[in-house]
Amino acid sequence: MITTKRFFIHHSRLYPLALLAVLFCSCTKKFKEYNTNPSNATEEMMQYDNLSTGVFFSQMEQNVFPVAQQPAFGDEMYQVVQNLAGDVYSGYMGASNNWYGGANNTTYSLVPGWYGQAFGRSFLSVMPAWLAIKSKTDGMATAQHIYALAQIIKVESMHRTTDMYGPLPYFNFGRGGLTTTYDSQQDIYTSFFKDLDSAINTLTTYVRSYPGLKPLASYDLIYGGDYVKWIRFANSLKLRLAMRIVYADPAKAQQYAESAVNNPYGVMVGNDDNALLKSGNGVQIHNPLQIICFNFDDIRMGATMESFLTGYSDPRLPFLFNKTADNKYHGIRTGINITNKALYTTPFSTLNVASETPIRWMSAAEMYFLRAEGAVRGWSMGGSPQTLYQSGVQTSFDQWGAGSAANYLADSLSKPLAYTDPSNAGNSVSAGANLSTIIIKWKEADALETKLEKILTQKWIAVYPDGQEAWSEFRRTRYPKVFPVVVNNSGGLINTATQIRRLPFPQSEYQSNGTGVSTGVGLLGGPDNGGTKLWWDKKP
Amino acid sequence: MRKAALSQWNATLVPFKFFPYDGSLKKQASRMRRLTKTLLIMKLIIFFLVAGLLNAQAKGLSQTINFSGKKVAIEKAFDAIETQTDYSIFANKSLMRGTRQISVSVRDMSVTEFLQLIMKDQPIDFEIINKTIFIKEKAAAVVITRPSQSFLTEAPQQEITGIIQGAGGQPLEGATITVKGTGTTTVSKADGRFAINATSNQVLIVSYVGYQTVEEPVKGRSVITIVLQESQAEGDRVVVTALGIRKKTKALTYNVQEVGGDEVNKVKDANFVNSLTGKVAGVTINTSSSGIGGSVRVVMRGAKSLFGNNNALYVIDGIPLPNLASDQPNDIFSGAGATGDGISNINPDDIESINVLTGPAAAALYGSQAANGVVLITTKKGERASKFKLSLTNSTSFFSPFVLPRFQNEYGSEPEDYNSWSTKLKTPSTYDPKDFFQTGTNVTNAISLSTGTERNQTYFSASTVNAKGIIPNNEFTRYNFSVRNTSSFLNDRMNLDLSAMYITLKEQNMFSQGQYFNPLVPVYLFPRGDDIRKYEVYERYNAARNFKTQFWPYGDMGFQMQNPYWIINRDFFNNVKDRYILSAALKYSLTSWLNVQGRVKLDNNETIGEKKYAASTAGLFASPAGAYYNNNIQTKQTYADVLLSANKTFSRDFGVSVNLGSSIQDAQYKQTGYGGFLLSVPNLYTFSNVNSTLASATQSGYHDQIQSVFGTAQLDYKGMLFLDVTGRNDWSSALVNTTAKSIFYPSIGVSGILSDLFHYHSPAVSYIKVRGSYSEVGNAPQRFVTIATYPILGGFPVTTSYLPATGLQPERTKSYEAGVNLKFWRNKISLDVTAYRSNTYNQLFNPALAPSTGFSSFYVNAGQVTNQGIEASLGFNGKITRDLTWSSSATFTLNRNKIVKLLSGYTDKTTGQAVSVDSLSMGGTGSYMMALVKGGSIGDIYVSTLTVDEHGYVVVNTSSQTVTADANTYVKAGNSNPRYNIGFRNSIGFKNFSFDFLVSARLGGVCVSVTQAIMDRFGVSEASAIARDQGGAYVNGYKIPAQPYYAVAGGGVAGVGSMYVYSATNVRLGEASLSYHFPGTFFHNRINGITIAATGRNLFMFYNKAPFDPEATANTGTYYQGIDYFIQPSLRSLGFNVKIQF
């Protein structure tokens, strides 16, 4: 047996080894650096240059219409969120593809992987950015103008979302719970007006105190930080939302519409007020429709669009669509049986859209038509129905560079044309209940519904290509007469004649927020499918 | 008969002259010594350079003995040799009974001297062969009998030469050859050759430790080949365990299964892991459907982690390999451009042996990486004191699809319609989708060289793999180079082991499944009324563009379909990998009972993945000019450890061996990628031609580090009872911002040789060992999740998608196992049975959050999964007649997995709301979904259904005679995992022939085929033709029109899952080989022998009801299992091997 002392004398060469063992395990100082994702910005970096407030505007703006280029997935996102959810239901466009053997959104066999995306996009991309701005500016009196702008974009984004689904887990968003209860569309709309009013007030105070100041110029892709334009946008949005609830709450609709139009900054009046998302500040915005139409070959002119625009010999037509080889325009009807994609690509009109075409959130033309509708309803809209209607058409012509609309507005003969599907005669629409007979020329003597159809039809042409807004207004007013689907694979859940009224709540909500979504279904007042009407969808 | 004829033929030849180099070697000796010294200096410089580079220090084992003992059993001295050196000792117990106690004290004595010292005046003697010391009875003084002249006329003495081989044809060095009844004796050399003088009527006795002794009559021959059969001396075998620590099997307290290197080379696969299928109990192996060289899914004792990695850890020569697994397809789209995992890069010819540690206790020394079990690979090194050895092997295989769905060709299609629902064709179409496949080939050539002296050995190998898949233009090439040098210095006190491997490989168009770039979708569904030959010319001159563009008038059909010939000829997925692995180990003996070793290993891998889509590829993937993507991944792993080993004897009965160590493992990963649609010049695949406004630029990386200290102690009592304790403490960089600064992982085990303890030895039951162990190991937390950061998208930071996690802990698996090892009938039959139970808790749970939370997921420690099961192997090793041998082994695997809980009782910090999650979807195809449900198992498959009424009958619309799909109801179809796995391996030897075959069976489990669903919808399946022939599809026992029925059942995104669930049970002839060994004598001993073999893999399905091979998987991860979405069929291979040994 050797003693401990002897051990150490004899084995002193072990010392460096022991030391090494200790050293090995004490140099963990760099672990924090190692465990921080090197490709991402840290909290500390986010404090530089006011990044933590500014950059999230960019995130919000790029997700209202989902154009942010996720690596390789930007266009597909737009396709399922906007193109195959709104655009194909609005009559603007028709799908040339036959996904899942034709059992897809276009034939009312709603694809879970598609219809949940718009919801996810709003809650995973827009709302978290809004929340980040909210928490940064909370309690900072000097930063309330930033929060006001975030509120406006939030309403712009979320009204599109609620108009698709109805109730949303809206007020409790970001309160930290893993499950979130839903709120009724009525309550959500009420908050929209409140939030917009508050934002308009905050920004009005700001621009009066600091005229010409554009603190968010380097992040704002819409107006380059011009708050006056944002106030006008907020009023315009308020007018749009007011009109949306006209059948659900006429009194409030009139009140909000009049306050928007009569606000000192008012609503948009010229095309330079239009809200356009476009490249700037080093951010490349490219229009996904260009890829979806020309690369994917998945979308073409809609049959309803062909019927109206060719019927009206609309001068805007060449600005919206391209002629096919036969020097004509051909549209695809939504909800048809396609056995061979090739039959529905080349013979049909592509969209006149380029990669650089800005994405239009809202335009002045739309405001004139909303005001015209208000005026028809007897509201104080700063003009007669006729002048507002005609200004709307002319503003739309100006927007596309289509010249004077005088002759067009005088046309009392042209009507939408019967539609022929060159690839399958079974999809054609001849004169009858599905074909509108509305003309262009304003006639003061017309009945209210005729006037509404005329205004809504022209607004529909002017709002192109925002199919979601057009689909919402179609649901609200039934105008214009969009061709119904030929093939209805909804299993009886969606009525072919009244057409699809909403999108179901996403499967992910059922899987992870089951109790929450059940409150949403309760507030919906009907089954969670595409046939149930939303709160504002109350036209008798 | 044949053998005798052969011998006669050989007998007429001039005997080969042995050992011609002895003289010249002596002359060179002094020069060699000088050279050795220079080499030593050079090697040391290299070693310290590497070590210094890594900022680590290392030391190593000696070849000398330090021993001090008074009146101790001689076995103690043997134990000292085994622990202080890398020599192993083989001894027969009965021999030891006659030995006396020894009292010696030596320092730094060479092994030989020490053995001579302790065996002085003992009835035993020793012999050192290779690295093994054989203890034998002391022979009487050797008397070389010189026959007197008078006997000459009777039976003349002649020199008999020959070769001693093991059953596998390998030469046995050191076998003792004695002429019966005389003292004439000799020992076989490294190449197995011997020469002895005997008369033609004498008998040679050949004995070799570990082998059965053979008596071979000379019968007038002058050249004799003698094949020895192994006699298993179980318990004395030495196996490699965690960290490369060698242990005797009897001392193991857990299950370790050994697979010899030849087992993975008999029927060679580009990824050798495939060759383990059916040969190891407790392991489930699934081959990736990405073809030759693809990844393999290896899960031991069931999946334990809900969200983490469940694949086994691979360890080469004691050091863990970095995880080079790539993203796996998990939806209906992806699957193109697959790549093999890290382990698939290894040259199977470099493998000496594989030890599989299925249980966490065995792997506990690997701490936070150990929960999933370990595959330990020991690579070859140069052989001691062997002269130049060279072997050349060629292995050539031909592949065809193994299991294909059944097609129809009776019903045609309408023009321009992709559906084959038209009228019956007058003459059936000659179209057969099988014709699309080509005969795949794999030609593997390997060379290995081994040379060495007593102190310095070198091994070199090179191999080439040139393979073509069954899908044209799928190619795989790999070149491996390996060099290893082992040497000992300072009177064998210091050992140095240096090795370098270089691997370069190319993969082209590996695809596993999915819609994108999958030629099988258009091929299987091709309309039977059309003629596919029209599309074989896949591109046509496009006058407007002045080059050839894709010809495919059908469009993408919503499946992203393209002309299948275009896909394989114009859309390319190329991966190029360069990998080098450098390692150095230095072992040094400090004292008589203590040595230290240090090891460092660098493993660097660079992968460049390119995707090139030619102009006129489908618009989803490319602009009219095409598309180009380039992705570069660099992985660097540095590992270093020091290991201090002590071995001490306290008294006659007790021994302690202790290993203490410390390690650092540092892994760095860097990925950069750029690419997108091409802007102007068609088919010019350069960055500058990419449309920069639409380009995607990606960059990611990580740096993980684990620092550890660990120790293991083993206490043994009389070599019969063992107590094994291990502990490891991990400091992991992923633990930053968690509650734990470091994690401790312990294990304890006991084993006892009952047959020795109770002196129970009967001919029927020759060996009884019982063992039990308990361990706690982990699965590291995921990196980055504890520190909130903001990803950058399009130049601006965006909010994170997960709720930042705090207070996380690594997952922990507590497991215990108990087992017995039994030997019957003089070790002819062996049975190993292990029962285990593991409980994995504190799971790093990453449930998807509802989008309404603003996050897609969050991290929390929750979830508990248990696995219990049995793994057993039964072996038989027998000699039926003198020439006929049969060895057989069966493995049995049973595992039951249970999700005890998911998230329960979690209180949300901000709201105080109690949250629980009892089910979670893990994704799928829409018709098929893997879901985690409390009380269920990992791998549970849920499927969508047709609308059924309250009695369970399918609802049929009375007027339209159609059924409807119920998209919102999922029912459980079963589990993707087997209930049992059985492997039955046989090896029959007859003279120089050897026939091996493996039958593997998987019982239980289900799978879903979306391929079948979609084929039914398009009317191209045999089922759809049968339904038409019989006038409709049967629903509720009644016929309804076939097309509308299949439009629903096979419709939607991926059909109605419940209609396409199949039993995954299958039984196959997994491997077979028939080989013949031409001994060296056949070639005048100019070479050492040639072995030729005909081989096959996946030869025949005895039973399989699924329309695909259920053992093939598109995803080698945990989920997306048991699903077929146009997966590439698994491969049936037939081929041959030739091995030439010099």
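What you are looking at is a predicted structure, and each value in this text was computed from that prediction instead of being measured.

Parameters and conventions
- Residues numbered from 1 in each chain as written.
- Chains lettered and ligands numbered in written order.
- Predicted model: local features only at pLDDT ≥ 70, side-chain atom pairs only at ≥ 80, totals over all residues.
- Heavy atoms only, no water.
- Pairing = 2+ DSSP bridges.
- Helix = DSSP H or I, 4+ residues; strand = E, 2+ residues; numbered from the N terminus.
- Contact = heavy atoms within 4.5 Å.
- Axes fitted to C-alpha atoms, helices over the stretch in contact; angles between N-to-C directions.
- pLDDT = per-residue confidence, 0-100.
- Salt bridge = Lys/Arg side-chain N within 4 Å of Asp/Glu carboxyl O.
- Buried < 20%, exposed > 50% of the residue type's maximum accessible area, 1.4 Å probe, protein only.

Peer 1: Account for the sheet that holds strand β56 (residues 1006-1009) of chain B, naming residues and giving values.
Peer 2: Working definition: the strands of a sheet are paired by backbone hydrogen bonds and lie parallel or antiparallel to each other. All names here are of chain B. Taken together, the three strands give an open sheet; going across it, the order is β59-β56-β63, and neighbouring strands pair in mixed fashion. Of all strands in the sheet, those with a lone pairing partner are β59 (1061-1063) and β63 (1123-1124), marking the two edges. Where β56 lies against β63, two bridges are found, and the strand directions are parallel. Each residue of the ladder has a partner; that of S1009, found in β63, is D1124. Those strands touched by helix α12 (residues 1010-1018) are β56, β59 and β63, and its axis lies near 35° from that of β56.

Peer 1: So what's going on with the confidence of the model for chain B? Residues and values would help.
Peer 2: All names here are of chain B. Within chain B, residue pLDDT values average 84, and 90% of them lie at 70 or more. Confidence drops under pLDDT 50 across residues 49-61; counting only partners more than four residues distant or on other chains, this segment forms 46 contacts. The low-confidence segment residues 141-154, where pLDDT is below 50, has seven contacts with residues more than four positions distant or belonging to other chains. With pTM at 0.81, the complex prediction returns an ipTM value of 0.81.

Peer 1: Just give me the short version of the pattern of salt bridges, but keep the residues and values in it.
Peer 2: By the definition in use, this model includes 57 salt bridges over all chains. In this structure, the salt-bridge partner of D163 of chain A is R244 of chain A, at a minimum N-O distance of 2.8 Å. Highlighted residues: D163 of chain A in helix α9 (residues 144-165) and R244 of chain A in helix α11 (residues 227-244), separated in sequence by 81 residues. The residues D163 of chain A and R244 of chain A share a single accessibility class, namely buried. Note that D349 of chain B is salt-bridged to K268 of chain B, the shortest N-O span being 2.8 Å. Taken together, the residues span a long stretch of sequence, with D349 of chain B in the loop between β19 (319-320) and β20 (351-357) and K268 of chain B in the loop between α6 (263-266) and β16 (283-288) at a distance of 81 residues. With relative accessibility at 12%, the residue K268 of chain B sits in the buried group.

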